[in-house]
Amino acid sequence: MNNKEKFYNMLKNFRKGENGGNPNAKLWFCGIENMAYGTPQKEHNLNLLNIPEYTKLSGQDLTGSFNKKIKYILEHLGLIDSNISADDMYKSNNFYCTNLFPFAFYDANDCDTKYLYELTGLNTRQEYEEACLSTKTNNNEWQEFKKNAKVIICFGKQNWSQFLEIFCTSKFDKEKNKLSLQSSKHNKVLINLNNGQTIILCSHPRYWKDWSNQETNKLIKEIKKILAL
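What counts, and at which threshold
- Residues numbered from 1 in each chain as written.
- Predicted model: local features only at pLDDT ≥ 70, side-chain atom pairs only at ≥ 80, totals over all residues.
- Heavy atoms only, no water.
- Pairing = 2+ DSSP bridges.
- Helix = DSSP H or I, 4+ residues; strand = E, 2+ residues; numbered from the N terminus.
- Contact = heavy atoms within 4.5 Å.
- Axes fitted to C-alpha atoms, helices over the stretch in contact; angles between N-to-C directions.
- Buried < 20%, exposed > 50% of the residue type's maximum accessible area, 1.4 Å probe, protein only.
- Lys, Arg positive; Asp, Glu negative; His and termini not counted.
- Salt bridge = Lys/Arg side-chain N within 4 Å of Asp/Glu carboxyl O.
- Polar contact = N/O pair within 3.5 Å; in protein donor to acceptor, adjacent residues only side chain to side chain.
- 1 Å grid on protein atoms, 1.4 Å probe; cavity = no way out; pocket = protein on both sides within 12 Å on 5 of 7 lines; lining within 4 Å.
- Points joined across faces, edges and corners; volume = space filled by probe spheres on them.
- Nonpolar A, V, L, I, M, F, W, Y, C, P; charged D, E, K, R; others polar.

Enquirer: Give a detailed account of the sheet that holds strand 3 (residues 96-99), specifying residues and quantitative values.
Expert: Strand order across the open sheet formed by 6 strands is 1-3-2-4-6-5, with mixed pairing between neighbours. Bordering the open sheet on either side are strand 1 (20-21) and strand 5 (188-192), each of which pairs with just one other strand. Pairing between strand 1 and strand 3: 2 bridges, direction antiparallel. Bridge pairing in strand 3 links G20 to C97. Relative to strand 2 (residues 27-31), helix 3 (residues 65-77) is tilted by about 170°, and along the sheet it contacts strand 2, strand 3 and strand 4 (151-155). Across the sheet, helix 8 (residues 160-167) touches strand 2, strand 4, strand 5 and strand 6 (198-202), and the angle it forms with strand 6 is around 165°.

And the structure:
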C-alpha cells in the first residue's frame, strides 16, 4: 500500500488527528490542525499513517493559546479540575476535541508541498483539504460519529465555511448559513441547526483581542444555557 492509499484509508477513522476526549460527549471543540515542528511533527504524521490505533500527539502543554482557552472554558463550566495538565485534560469524558485536518504542521499557511506529497500523494494543500473534508461531508458514518454533540465550538474564522461543510447536516442549513457568514463582521457566530445541534464559530484564541475574559465568559454562559449546566 503506497502513502496515498494509506492516507485515504486513514481518513476513514474520524479520530485521526484529534486532540482527545470523548466523541460521545455533548460538548465538542474543533480546531484546524495540530501545530508542531521538527521531530514531533514528523513522528506524529508517520504514526497517523502507519499505526491504526494511533490518533493524537502526546506531550501537549498549556503554553499555546488553543489548549489554554479550552482549559479556561472547561474549568468555568465545571467539567474539569483547575489543577490539571493538558494531556490529562484530553483524557476527560466530558468533552471532545477534534480538528478539520489530521496532520500536524507548524503553520497551515506554510505547508511544504514536497513533504505533503510524501505523506498523501497529493500535490497541493487545497487537494489535501478537499480530501479531508469530503470524507465527512454528507457521510452517514460521520453523522453517526458526531450525533451526540449538542454544542460544537469551532476555532478559526478563515475556516468557518469548512466547519459548516462538515457539521451542517442538511443542504438547507449549509446554504442558509453560508450566506449569513458572508456578511458577518463578528468574531463569534452562533448557528442553530435543524437537528438540534448548535455550532459556535469563533476566531482563533491566538487573536487575544477577540477573547477577553468578558467575551469568553459570555460564551461560557451561552454554553451553560444550551447544555443546562
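Enquirer: Help me get a handle on the side chain of K16, residues and values and all.
Expert: With respect to the helices and strands, K16 occurs in the loop between helix 1 (3-10) and strand 1. For K16, which is buried and forms no salt bridge, the nearest opposite charge comes from E53, at a distance of 7.0 Å. Engagement of the side chain of K16 in a polar contact is seen with the backbone oxygen of I51, the distance being 2.7 Å. Excluding anything up to four places from it in sequence, K16 contacts M10, N47, L48, I51, P52, Y54, T55 and P102.

Enquirer: Now, about empty space enclosed by the protein: what can you tell me, with residues and values included?
Expert: Going through the model one piece at a time under the given rule, you end up with 1 cavity of 30 Å³ or more. Approximately 80 Å³ is the volume attributed to the largest cavity. L11, N13, F14, K16, N99, L100, F101, P102, C132, T135 and K136 are the residues that line the largest cavity. Here the residues of the lining of the largest cavity sort into 6 nonpolar, 3 polar and 2 charged.

Enquirer: Please provide a residue-by-residue account of the pattern of salt bridges, values included.
Expert: Evaluated as defined, the whole model comprises 7 salt bridges. A salt bridge links E129 to R125; the nearest nitrogen and oxygen atoms lie 2.7 Å apart. With a gap of 4 residues between them, E129 and R125 both fall in helix 6 (residues 125-134), about one helical turn apart. Given a relative accessible area of 17%, E129 falls into the buried group. Residue R125 is classed as buried on the basis of its relative accessible area of 14%. Salt bridges here are not isolated pairs; linked through shared partners, they connect E33, R125 and E129.

Enquirer: Can you explain the environment of C202? Please cite residues and give values.
Expert: Its place among the elements puts C202 in strand 6. If sequence neighbours within four positions are ignored, C202 has contacts with I153, C154, F155, G156, K157, W160, N187, K188, W211 and L219.

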